[in-house]
Each structure stands twice: as structure tokens, then as C-alpha cells.
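Chains, contacts and geometry: an overview
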Amino acid sequence: MNAAVSTAVFGGFMVLTVVLGLLAVRGKRTERGRPAGLAEWSVGGRSLGTVFIWVLMAGESYTSFSYLGAAGWGYRFGAPVLYVLAYMSCGYALGYVVGPMLWAYARRHGLVGITDMIAHRYRAPWLGAAVALLATVCLLPYIQLQITGMGVVVSTLSYGAISINWAYFLGFAVTTGFVVISGLRGSAWVSVLKDVLVIGTLGFLAVYVPLHYFGGYGPFLDRIVAEKPQWLTFPGHASGGLGQVWFVTTTLVNSLTVVIFPTTVAGYLGARNAEALRRNALCLPFYNVLLFVPMLLGMAALFVVPGLAGADSDLALFKMVVDSLPAWAVGLVGVAAALSSIVPMAVFMLVIGTMWGRSVLGAIPRLNKGAAGAAPADGGGGTGGRQKLWSQLVVVVAGALALLLTYTAPETLVRLSLISYEGMAQLVPMLLLGLVWRRLTLHAAVSGLVAGFTLVCVLVFGGHDPVWGMNAGLVGLAVNVAVALLVTWLGPRAADARADAEVLALEDEFPCDGVPSRGGPVSPPVSS
């Protein structure tokens, strides 16, 4: 009976999720009489307001990690898990400046992602394609992580009635079903439902668990201090050296990375104006406070369900929920956690699709034969329509590949996930430094990226992360910048006759009213 009730609640909300995703594009399937194109699908037509941008970008902080990983880290290690709050809050502060800058640059030049921006900045379509490949390697593990999280959640909330393998497929099918059709706008609509459930369930659990198991927060915290003090200080309990230096360096490198992460940039570019991004950067840290809940509850689980080890510790929060709540409440908590997998998974798949549809497949002339010149690539018909079709196809392929590897070779993506964030960090100089400093050359940017990424791979896969107590990604980033500067000063300088307004993200392109001040039409996208 419990399984039937909780599964029925879950099934109803999954149907609602698909319906919301489809309703999001009602009336948005045409642009000026043409079928809606890549810009409408991939960045919501650049028309999302503050609320939609807020809930969409909050999906970056509330994934399956919130219910599983954050509680699991709290259970296993304790204090080091606070790095999540630190880097996200610092990242939002950086995003207050970086978000409007990238939004204005992309809007002015008709660009739809970081690969587009890099190709345009360095006049190198091949570099956009190479970055798309690198980013895909770093993003695929996140899709697999969300599929796995979805599987664990659904299997647990159904009391084992739904097998974990079927749960994996369900997560893939629901996500693919609405993201292929509705794109970023559909993800934003579903995020509203997700955030209502996340706020409601975490708010309830923050009160319920301490009262139910300990009689209140006072007795709960007193017991932690008395019995588990090592969970409250760095380097935590059995964390393998995640001390203060690791915390500071990880916060620094992750806060730099999160502002240029392809999924974050997709949120930036979907905004109606730059002011919506600034308001969003001010609001998001308040939402982040809720992340304290699964972290604390993970430590509460030390006393309620002791003895969990390895991957089982990620179920610490759910084991308490299933043990003490009625089936319908278990279903609601499970739906919130499942949607926390679906929404970020949708954006990851959409971003991979956009990068390949625009910068890889879209840059091959014979694949777009007959479409070029028919309409702007940012619009509906012609090149833009063909690139949208390629992007939608890649979404299905990327999701199916992650699902297949989840079934057959999960350790492959798990190993790749070790370098995901540190690897993406190596794009920071190429993108951000390149958009504010004209002297950074193509050769310098590529040399720095290769040096930094190679060093990160050597350190991480060699078991040297952290290195000297520091996050390996920051070490790689320091080498990256040093090499880029050295090659810029000593290496060849390619002639670029374009004006600064064509190359750089200038300050007067993103004023307070959110409308780029420089007139004229947007530039055509870089093509081969």
C-alpha cells in the first residue's frame, strides 16, 4: 500500500512535469511567421524575466546532490561540505558583473553559448567545435549523475517497487520528452514546480527531523558537539585532507568556474535584460541558505541510521524520510528530489545539443546545404532552423549515451566526473580574460588551455588532488594563465582589423537599463 501511494503521487507529478514543459512553448513555435529557431529553443528567445531566470538558475544549486550528495557529505565528512555554500555565494557575486557582460556580448552578436562566443572572439570556428567537444566530456558525467540520482530516489520512494534500472530510463524519458520540444523555456516552467516543492519539503524536514528524532535543535546540536565534534571542524571526519587551504582554493576556483559553466551561461543568455540578471544575483544567495538543511540532516542521520558506508551514505536523508513519514509525504519529498535531477539534466542536455548543433554540426557547410542565407541563424528558418534540428537530435543522442553508460560502464563517467569542474575552470582565461583584454591571442589562449587541462588530468588521475592541500583545478588555472600571458608576450600576433566593439565585451554594452547602448544590427554568427 505504501508503495502504491507514493508511486501514484510520483506518477501524477511526472505527468504534470511533461504537461508544463509542453505548455511552456504554446504560442512560441513561430517567430515572425517562421518556425521558432535556435534562439527561442536554446535561450528562451532571450525573453525570460527575473522570476524565471531565478528559478532556472537555482536549478544549478538544487540538483539531486542537494538531497543525496549534500546529506551524504554531511554524514561522511561534516564541515568540508560547506564549500558548496561558499563557492555558490561567491559565484553569484561574480555573476553580478559577468552575467550582464556575457548577456550583452551574446545579444549584440547573435550568439547562443560559450562555444559561439569563443569562436567569435578569436575568429576560429574550429576552436568553438573543439571547446564543444571538451565541454561535452565534462558535462556528460553530470547527466549520468542526475540519471543515477533519479534512479536512487525513485527506487527508494517506491519502497523498491520500481527497479533502479527502470527509474534510470524514466528520468531520461521524461527529461528528453519535454526538453526536445520546449527547450530552455520548458525547463524554466518546470523549475517553478520544482522550486515550490523543494522549498516546501526542505522547510518541512528542517523542522520535522530535529523535533521527531531529537526533541528540537538544541538537543540535536548538543549531541553532535558532545559525540561527533570532528564533523564540525576542518578537515572533517576521514575526509582525506580537505582542510582550510583546500576549502579556500576550492571556493575560489569553483566560484570562477560556475559563472562560465555552460549551463549557467544558458541561464544568462535567456534573460530579457541585464537588470534581471543583477536582481537574480542578489536573490540567489538567500535561496542557497536552504542547502544547510540536507547538510545538517545528513549529520542527524549519524544517530538515526548509523553505520552507512560508501554510496549508501548518500541515502542517509531518504532512509530517515522513508522510516518516519507516511507514504504520501515520502512521495512528495521524492518528487522534489526527482525534479531536482530532471531540471538540471534537461539544461545539461540542452546545452550539449546547442553547442554541437551550432558550433560543430552547424559549422559543416554540407550538413546545412540549402539553408545558409535563408534566414539569420538566430531566427527560425534557414540556418537557424537547421541548427535547431541538429541540436534536438544531439540532445537525444547525448542523453541516450549517458543512459547507456549508466547501465553498462558507470565507472567510465564517474572517472571523467573527477575532472569536470577543474577541467571547465580552464576555459576561464580563454573566455573572460579574452573578452576584456584584446592582446590575448588565439595561440596564447589555446596554449594556456592545453597546459592547464593537461596538468589537471595528470594531478587528478594520478591521485594528487588536493596537491599541497590545494585544489588541483586552481593549480592548473594558475599554469593556464601563466602560459597564456607568456605566449601573448613572446608568441606570434595575428592581425585582427576588427574594432574593439566587435571583439570585446565593453562596459557600455551592458548599462543599468539592460539594453546595449551601441546601435546597429547584431553581427552574423561566425561560420566556416
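Definitions and cut-offs
Residues numbered from 1 in each chain as written. Predicted model: local features only at pLDDT ≥ 70, side-chain atom pairs only at ≥ 80, totals over all residues. Heavy atoms only, no water. Helix = DSSP H or I, 4+ residues; strand = E, 2+ residues; numbered from the N terminus. Buried < 20%, exposed > 50% of the residue type's maximum accessible area, 1.4 Å probe, protein only. Contact = heavy atoms within 4.5 Å. Disulfide = S-S within 2.5 Å. Axes fitted to C-alpha atoms, helices over the stretch in contact; angles between N-to-C directions. Parallel < 35°, antiparallel > 145°, perpendicular 65-115°, else oblique. Left-handed = near helix turned anticlockwise from the far one by under 90°. Nonpolar A, V, L, I, M, F, W, Y, C, P; charged D, E, K, R; others polar. Expected span 1.5 Å × (residues − 1). Bend = angle between axes of the 7 residues up to and from the residue.

By secondary structure assignment, the location of Ala 129 is in helix H8 (residues 125-157). Classification of Ala 129 as partly exposed rests on a relative accessible area of 22%. The sequence separation of Ala 129 and Ala 119 amounts to 10 residues, and the corresponding C-alpha distance is 8.2 Å. Residues contacting Ala 129, with those up to four places away along its chain left out, are Ser 359 and Val 360.

On to the state of the cysteines, then. As enumerated under the stated definition, the model contains zero disulfides in all. Note on Cys 457: no disulfide assigned, nearest cysteine sulfur contributed by Cys 138 at a separation of 8.2 Å. Cys 457 gets classed as buried once you look at its relative accessible area, which sits at 18%.

This part takes up unusual backbone geometry. Omega for the bond connecting Phe 234 with Pro 235 falls within 30 degrees of zero, at 5°, which places this linkage in the cis form. Tracing the backbone through its elements, the reader meets Pro 235 in the loop between helix H10 (217-227) and helix H11 (244-258). Residue Pro 466 is bonded to the preceding Asp 465 through a cis peptide linkage, with omega at 5°. Checked against the element boundaries, Pro 466 lands in the loop between helix H21 (442-461) and helix H22 (472-490). Although it is not a glycine, Tyr 159 adopts a positive phi angle of roughly 55°. Within the fold, Tyr 159 resides in the loop between H8 and helix H9 (164-214). Given a relative accessible area of 31%, Tyr 159 falls into the partly exposed group. With a phi close to 50°, Ala 238 is a non-glycine residue in the positive phi region. The topology assignment puts Ala 238 in the loop between H10 and H11.

The next thing to look at is the packing of H8 against H9. One can describe the packing of H8 onto H9 by two numbers: an axis separation of 8 Å at closest approach and a directional angle of 125°. For the element pair H8 / H9, the angle class is oblique. In this structure, H8 meets H9 at a crossing whose hand is right-handed. Here Ile 147, Thr 148, Met 150, Gly 151, Val 152, Val 154 and Ser 155 of H8 lie close against H9, whose contacting residues are Ile 164, Ala 167, Tyr 168 and Gly 171. The residue inventory of the contact of H8 with H9, partitioned by class, reads seven nonpolar, four polar and no charged.

Because an α-helix completes one turn every 3.6 residues, residues spaced three or four positions apart along the sequence face the same direction. The end-to-end C-alpha distance of helix H6 (residues 83-109), which contains 27 residues, comes to 36 Å, matching closely the 39 Å that a straight helix rising 1.5 Å per residue would cover. Remark: the principal bend of H6, roughly 45°, maps to Gly 95. Extensive coverage of H6 is indicated by the burial of 20 of its 27 residues. One or two steps after H6, the chain reaches Gly 110, where phi turns positive at roughly 70°.

Taken N-terminus to C-terminus, the directions of helix H7 (residues 114-122) and helix H20 (residues 428-436) make an angle of 50°; their axes are 10 Å apart at the nearest point. On the basis of their axis angle, the class for H7 and H20 is oblique. Considering how the two elements wind past one another, H7 and H20 form a crossing that is left-handed. Across the interface between the two elements, Ile 114, Met 117, Ile 118, Arg 121 and Tyr 122 of H7 pack against Pro 429, Met 430, Leu 431, Gly 434 and Leu 435 of H20. Among the residues forming the contact of H7 with H20, the class breakdown is eight nonpolar, one polar and one charged.

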